[in-house]
Amino acid sequence: MALSLRAAVMVCFGEALGEVVMPTFSFPEEGNTYFGSNVEALKSSVNWALGEGCLSGWPTSLPVEIAFVFGHDSDIPETADYYIQFQMEQVAAKPSRDTGIGFGSFANNQQYQQKLSGALQVWDWSHHQLSFLAENLPLAASSKLEYVPFWSSTKAEEGDCASILDDPYCHDEPGSDVLFFGFLTESRKQLCKSVDAELSQLRRQGMSVSHECVSGVFGQALQCKICRAKVIYSDHSREGAVLEVHRINPLLAVGKAVVSSHSADLMLDNSYSSALQLVAAQDIPQAISKLLLNRTARETLEWHAYAFAKSEKLEARSHVCRALNSMASMAKAGNLPTPLTKQGLPANFHSSLSRMLTGNGSVTGKGSDGNDSVTGNGSDSVNISTPTPSPSPVPHPIPSPTPTPASPPAPMPTPGNGSDSINISTPTPSPSPVPNPTPSPTPHSRFKPCTYADSR
C-alpha cells in the first residue's frame, strides 16, 4: 500500500525543516535508441517503489542526485553524486569471437570493471551473473550487488496487433511466420540455415510457411514483423550466456510463442520454463516445426507466456523496493561512498552537459533541476516526466487481437511476403489482459513537493 497521508505529511514536514532531503533520480539514457524503452519502464517501477515508502529510511540532509544507467559505456551526468548500474552484459559468458558485438568480454574491459566497482549499486537479473561478479569484482563491491529481475525495466502492456497490421506502413512491410531478430553471429547464421532446412521439409509435405532472420531492423518495421510471426526464436551470441531477457521479455508480455536454447543460468531457465520452449540449440528447428504443426500447443504456450509476464512484472517491483531499502540502510549506516561530484574521475565517466547521447530523440544528461529526473519523496506525488518516443532495438511488440479459443488452457495465476506464407487472416491469439492492481501515478512535468495522495 502507498504511504498514508500522515506519513507523507511527516516526510514533507521534515523536508521543510531541512531535516531530510530525499534523493533525486536521473535517467541520462531517456529517449536513447537502445535503452529508451527500458528507462520508461524502470521509471514506473521506481515511482511505484517510492510511493510504497521503499526509501523512507533515507537519513541524509544533503541533496543527492543518483543516476540510473544501463549501457556498459553509457556516460554519467556530471551533476550525479552516485549512479546505479543496471548490468546488461553477458559478463559470465566466454569472450565473443564476433567483432560486431559491442561487448566482447568482461576480462578485457577494464573500464567496465572500474565502472561496476564505482557504482552505488549494481542490479542484475541473473543469479548466475551476480555470483560471477561477486567473485571477479573487488571484495568491497560485492555488498553493492542486487538481484532485480529485468521485468522491472520491461513494458508489459497490452496492445493491438490488428491496428499495427492495418497501418499502411505494414502493408508494404514483408513479414514471415517464423522470425529471428538480432545481431547475426556466425552461430546464429548457422542456426538460421538449420531452421530453413527444417521448414523446407514442411513445405515438401504441402505446408505453406515462411521464415526470415533479420538484423538491424527496429521500431515500427520490427513490430510489423513480430505481429505477423507465429513463432519467434532466440539463441545466445556466445557460449556460457544467460537468457537474453531484454529480447525475450517483451515478446512474452504480448503472448508470443518463443523458442530459445538453454542458458548457463539454471535458476533463470527454470523460472522461464513455463513461458517459453527451452531446448538444446540443435533442437530449435524441430521445436519450431512442432509448434507450427500443433496449433493447440502453440496457443497454450502463448497463454502461459502472457500470464507469466503479468505475474513477473508485478513481482519484480518487490525487488526494486528491496534494493532501494538496502540503499537507504547503507546511507543510514553512514556507508555511502564519497560523491562523484567530489572526486576527480576520468573524463569518460561523465557526459558533458552539452553532449547529446547517441540516438533518436536522445536527451542531455540533466542535473537535479532538470525535467528528466525523479525526486523520491516517499509519497505518491513523485514526478516522472514523459519521455520523447523513439525507436528502440529492444522491441515492445503489440499483441494480436484476442479471439476466444475453442478450448482455452486453464488460466494461469496472476498476482495482484512470400507466396509461401501461412495465411495470417486469423491472427495469433493472445490471452485477455489481466488488470494491473497497481497503476502508475500520472506523470507531471516537474515534481511538486508537499503534494499528498489522500489515502482515505
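Preceding this paragraph is the structure being described.
Residues numbered from 1 in each chain as written. Predicted model: local features only at pLDDT ≥ 70, side-chain atom pairs only at ≥ 80, totals over all residues. Heavy atoms only, no water.

Draft legend 1. Summary view of the overall build of the protein. Counting secondary structure elements, the protein contains 12 helices and 13 strands. Counting the 456 residues in the protein, one finds 54% classified as buried. Per element, the accessible surface of the protein, about 19,300 Å² overall, is 53% carbon and sulfur. (Helix = DSSP H or I, 4+ residues; strand = E, 2+ residues; numbered from the N terminus. Buried < 20%, exposed > 50% of the residue type's maximum accessible area, 1.4 Å probe, protein only. Areas by Shrake-Rupley, 256 points an atom, 1.4 Å probe, with all protein chains shown as cover.)

Draft legend 2. Fine view of helix 2 (residues 36-51). Over its 16 residues, helix 2 runs 23 Å from end to end, which matches the ideal 22 Å to within 8%, given 1.5 Å per residue. Counting buried positions along helix 2 gives 15 out of 16 residues, so the element sits mostly inside the fold. Remark: G53 follows helix 2 within two positions and exhibits a positive phi of approximately 80°. (Expected span 1.5 Å × (residues − 1).)

Draft legend 3. Representation of the packing of helix 2 against helix 12 (residues 295-332). Packing of helix 2 against helix 12 brings their axes to within 9 Å, and their N-to-C directions diverge by 65°. Considering how the two elements wind past one another, helix 2 and helix 12 form a crossing that is right-handed. Residue-level inspection shows A41, S44, S45, V46, W48, A49 and L50 of helix 2 in contact with helix 12, the latter providing K313, R317, S318, V320, C321 and L324. (Axes fitted to C-alpha atoms, helices over the stretch in contact; angles between N-to-C directions. Left-handed = near helix turned anticlockwise from the far one by under 90°. Contact = heavy atoms within 4.5 Å.)

Draft legend 4. The nonpolar core, seen in detail. Ranked by size, the top nonpolar core spans 59 residues in total, and within it F25, W123, L252, Y272 and L324 carry the most contacts. Elements with a contribution of two residues or more to this core: helix 2, strand 2 (65-69), strand 4 (82-86), strand 7 (178-181), helix 8 (219-228), helix 9 (245-253), helix 10 (266-272) and helix 12. At 12 residues, the largest contribution of residues to this core is made by helix 12. If near-sequence neighbours (up to four positions away) are discounted, Y272 is found in contact with W151, L243, V245, I248, N249, L252 and F308. (Core = buried A, V, L, I, M, F, W, Y, C linked by side-chain atoms within 4.5 Å.)

Draft legend 5. Spatial organisation of the pattern of salt bridges. In total, this model carries 6 salt bridges according to the counting rule given. The partner of K225 in a salt bridge is E173, and the shortest N-O contact between them spans 3.9 Å. On the criterion of sequence distance, the pair formed by K225 in helix 8 and E173 in the loop between helix 6 (168-171) and strand 7 is long-range, its members being 52 residues apart. The same class applies to K225 as to E173, namely buried. Residue K225 is joined to E212 by a salt bridge in which the shortest nitrogen-to-oxygen separation is 3.1 Å. (Salt bridge = Lys/Arg side-chain N within 4 Å of Asp/Glu carboxyl O.)

Draft legend 6. Expanded view of the packing of aromatic side chains. Counted by the stated rule, this structure contains 12 aromatic pairs. Both rings, one in W151 and one in F308, keep their centres 6.1 Å apart while their planes meet at 70°; by these two values the pair is edge-to-face. With a gap of 157 residues between them, W151 in the loop between strand 6 (145-147) and helix 5 (161-166) and F308 in helix 12 connect regions that are remote in the sequence. In terms of burial, W151 and F308 fall into one category: buried. Among the aromatic residues, those joined into a ring-pair cluster are F25, F27, F35, F68, F70, F86, W123, W125 and F150. (Phe/Tyr/Trp six-rings, centres within 6.5 Å; stacked < 30°, edge-to-face > 60°.)

Draft legend 7. Seen up close, the sheet that holds strand 7. With parallel pairing, 5 strands are arranged side by side in an open sheet as 8-7-9-10-11. The open sheet has two free edges, formed respectively by strand 8 (211-214) and strand 11 (277-279), since each of these has just one partner strand. Shown here is a sheet whose adjacent strand axes are inclined to one another by a mean of 20°, direction ignored. Taken together, the 4 bridges between strand 9 (residues 231-234) and strand 10 (residues 257-261) define a ladder with parallel strand orientation. Looking across to strand 10, one finds that Y233 is bridged to V259. Most of the contacts of helix 7 (residues 186-204) go to strand 8, to which it runs at about 170°, and overall it touches strand 7, strand 8 and strand 9. Along the sheet, helix 8 contacts strand 7, strand 8 and strand 9; its crossing angle with strand 7, the most-contacted strand, is approximately 145°. (Pairing = 2+ DSSP bridges.)

Draft legend 8. Up close: the state of the cysteines. In this structure the tally under the stated criterion is 3 disulfides. What pairs with C54 in a disulfide is C321, and their sulfur atoms sit 1.9 Å apart. Sign of the S-S torsion, about -100° for the bond between C54 and C321, identifies this disulfide as left-handed. Of this pair, C54 sits in the loop between helix 2 and strand 2 while C321 sits in helix 12; the two residues are 267 residues apart in sequence, bridging distant segments of the chain. (Disulfide = S-S within 2.5 Å.)

Draft legend 9. Looking closely at helix 7. Over its 19 residues, helix 7 extends 28 Å from the first C-alpha to the last, a length consistent with the 27 Å expected when each residue adds 1.5 Å. Within helix 7, the full set of buried residues consists of R188, L191, C192, V195, E198, L199 and L202. For helix 7, the angular spread of the buried residues around the axis is 125°, confining them to a single face. Seen from the buried face of helix 7, the exposed residues on the opposite side, beyond 90 degrees, are K193 and R204. Where helix 7 is buried, its residues meet strand 7, strand 8, strand 9, helix 9 and helix 11 (284-293). Once helix 7 ends, the next one or two residues include G206, with phi positive near 100°. (Arc of directions from axis to C-beta.)

Draft legend 10. Representation of the environment of V217 within the structure. Residue placement: V217 occurs in the loop between strand 8 and helix 8. Taking C-alpha positions, V217 is 8.2 Å from G182, a pair spaced 35 residues apart along the chain. Those residues in contact with V217, other than ones at most four positions away along the chain, are L222 and K225.

Draft legend 11. Molecular detail of the environment of S56. Of note, S56 is situated in the loop between helix 2 and strand 2. Classification of S56 by relative accessible area gives partly exposed; the value is 46%. Note: C-alpha distance between S56 and L324 (268 residues apart in sequence) is 9.4 Å. Only 2.8 Å separates the side chain of S56 from the backbone oxygen of G53, close enough to count as a polar contact. (Polar contact = N/O pair within 3.5 Å; in protein donor to acceptor, adjacent residues only side chain to side chain.)

Draft legend 12. Structural detail: the pairing of strand 9. Alternating positions in strand 9 separate into two faces, V231 and Y233 on one and I232 and S234 on the other, with burial throughout. Bridge count for strand 7 against strand 9 is 2 bridges, and the pairing is parallel. Looking at the pairing, L179 lines up with I232 of strand 9. Tracing the backbone out of strand 9, into helix 9 and back to the parallel element strand 10 gives a crossover that is right-handed. (Right-handed = clockwise from strand over helix to strand, strands pointing away.)

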